[in-house]
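# Structural overview
Residue-level listing of the chains:
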Amino acid sequence: MNEQTDPAMTVETVGDTDVVVTRRFNASRALVWRAYTEPDLVRRWMVGYPGWSMPVCDIDFRVGGGYRYRWRNDESGMEFGFVGTFVSIEPETRITNLERPEDVDMPDAEIEVLFTPLGDMTQLKMVIRYPDAATRKQALETGMTDGMGVTFDLLDGVLSEMEA
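A brief structural summary. (Residues numbered from 1 in each chain as written. Predicted model: local features only at pLDDT ≥ 70, side-chain atom pairs only at ≥ 80, totals over all residues. Heavy atoms only, no water.)

### Some remarks on the overall build of the chain
- Scanning the chain for helices and strands turns up four helices and nine strands.
- For 164 residues, the compact-globule estimate of 2.2 N^0.38 gives 15 Å, and the C-alpha radius of gyration of the chain, at 15 Å, lies within 12% of that figure.
- Its C-alpha atoms put the chain at 40 × 40 × 35 Å along the principal axes.
- Per-residue burial for the chain yields a buried fraction of 43% across its 164 residues.
- Excluding contacts between residues fewer than 6 apart, the proportion of contacts in the chain whose partners are at least 24 apart in sequence is 46%.
- Accessible area for the chain stands at about 8300 Å²; split by element, carbon and sulfur atoms hold 51% of it.
- Of the charged side chains in the chain, 16 are positive and 29 negative; the average position of the first set lies 3 Å away from that of the second. (Helix = DSSP H or I, 4+ residues; strand = E, 2+ residues; numbered from the N terminus. Rg over C-alpha atoms; globule rule 2.2 N^0.38 Å. Buried < 20%, exposed > 50% of the residue type's maximum accessible area, 1.4 Å probe, protein only. Contact = heavy atoms within 4.5 Å. Areas by Shrake-Rupley, 256 points an atom, 1.4 Å probe, with all protein chains shown as cover. Lys, Arg positive; Asp, Glu negative; His and termini not counted. Charge placed at Lys NZ, Arg CZ, Asp CG, Glu CD.)

### Considering the nonpolar core
- One finds Trp-45, Tyr-69, Leu-124, Met-126, Ile-128, Phe-152 and Leu-159 to be the most contacted residues of the largest nonpolar core, which totals 41 residues.
- Per-element accounting of this core gives the leading share, seven residues, to helix α4 (residues 144-163).
- Ignoring sequence-local partners within four residues, the contact set of Leu-159 consists of Phe-25, Ala-27, Leu-31, Val-32 and Ala-35. (Core = buried A, V, L, I, M, F, W, Y, C linked by side-chain atoms within 4.5 Å.)

### Observations concerning helix α3 (residues 133-140)
- For α3, the set of buried residues is Thr-135, Arg-136 and Ala-139. Down the axis, α3 shows its buried residues gathered within 100 degrees of arc, on one side only. In α3, the exposed positions angled more than 90 degrees off the buried face are occupied by Ala-134 and Lys-137.
- Against the buried residues of α3 lie β2 (9-14), β3 (18-25) and α4. (Arc of directions from axis to C-beta.)

### What about the pattern of salt bridges?
- One pass over the structure, following the stated rule, counts 16 salt bridges.
- Linking Asp-153 and Arg-23 is a salt bridge whose minimum nitrogen-to-oxygen distance equals 2.8 Å. Taken as a pair, Asp-153 in helix α4 and Arg-23 in strand β3 lie far apart in primary sequence, 130 residues in all.
- For Arg-23, a relative accessible area of 2% corresponds to the buried category.
- We note a salt bridge from Arg-70 to Asp-103, for which the minimum N-O separation is 3.1 Å. Of the two residues, Arg-70 is situated in strand β5 (residues 66-73) and Asp-103 in the loop between β7 (94-101) and β8 (109-118); the sequence distance between them amounts to 33 residues.
- The partly exposed category is assigned to Asp-103, whose relative accessible area is 42%. (Salt bridge = Lys/Arg side-chain N within 4 Å of Asp/Glu carboxyl O.)

### Side note on the packing of aromatic side chains
- For the structure on display, the rule yields 14 aromatic pairs.
- Between Trp-33 and Phe-61, the ring centres sit 5.7 Å apart and the planes meet at 70 degrees, which makes this aromatic pair edge-to-face. Here Trp-33, found in helix α1 (residues 29-37), pairs with Phe-61, found in the loop between β4 (52-59) and β5; they are 28 residues apart in sequence, far enough to count as distant.
- The interplanar angle of 50 degrees and the centroid separation of 5.3 Å between the aromatic rings of Tyr-67 and Phe-86 together place this pair among those described as tilted. With a gap of 19 residues between them, Tyr-67 in strand β5 and Phe-86 in strand β6 (residues 79-90) connect regions that are remote in the sequence. Here Tyr-67 and Phe-86 have matching classes, each one buried. (Phe/Tyr/Trp six-rings, centres within 6.5 Å; stacked < 30°, edge-to-face > 60°.)

### Considerations on the pairing of β4
- Here β4 pairs with β5 via six bridges, running antiparallel. Each residue of the ladder has a partner; that of Trp-52, found in β5, is Asn-73.
- Counting the residues between successive antiparallel strands, the hairpin from β4 to β5 contains six residues, one of them, Gly-64, with a positive phi of roughly 90 degrees. (Pairing = 2+ DSSP bridges.)

Set out below in structure tokens:
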């Protein structure tokens, strides 16, 4: 399955367990890395759809450190969140972490994020490895890739401001 959510982002299922999301950004790898790893910047773009906020964005960015993200629908008060642990960090190149939702009983997914320079642009490639096909199906049914498209569009805006 290959689903196009916008011209710059592709989502592909690979094998029984993996989801590969690829997105290009019109910014240097150093800027994309900063925006992806610094809590004050992450909070600006990872909010998702209009009407949502991110009241919790805690990041201890080191191997063995972790993160906690929590989102709130400002109208209904509904919340959900994720927690993760950083397994490996190669500055401006690669991050591997384990992640699980706080509010749903699901096993950890392993996420590898690769930052590749493409001239003046950067390609972000995220490989999400679920422990089995059923868990991948459950995750995809949440609409997660649509939300990723929205947040990556917001990241584009933050990167533009950073470059200005």
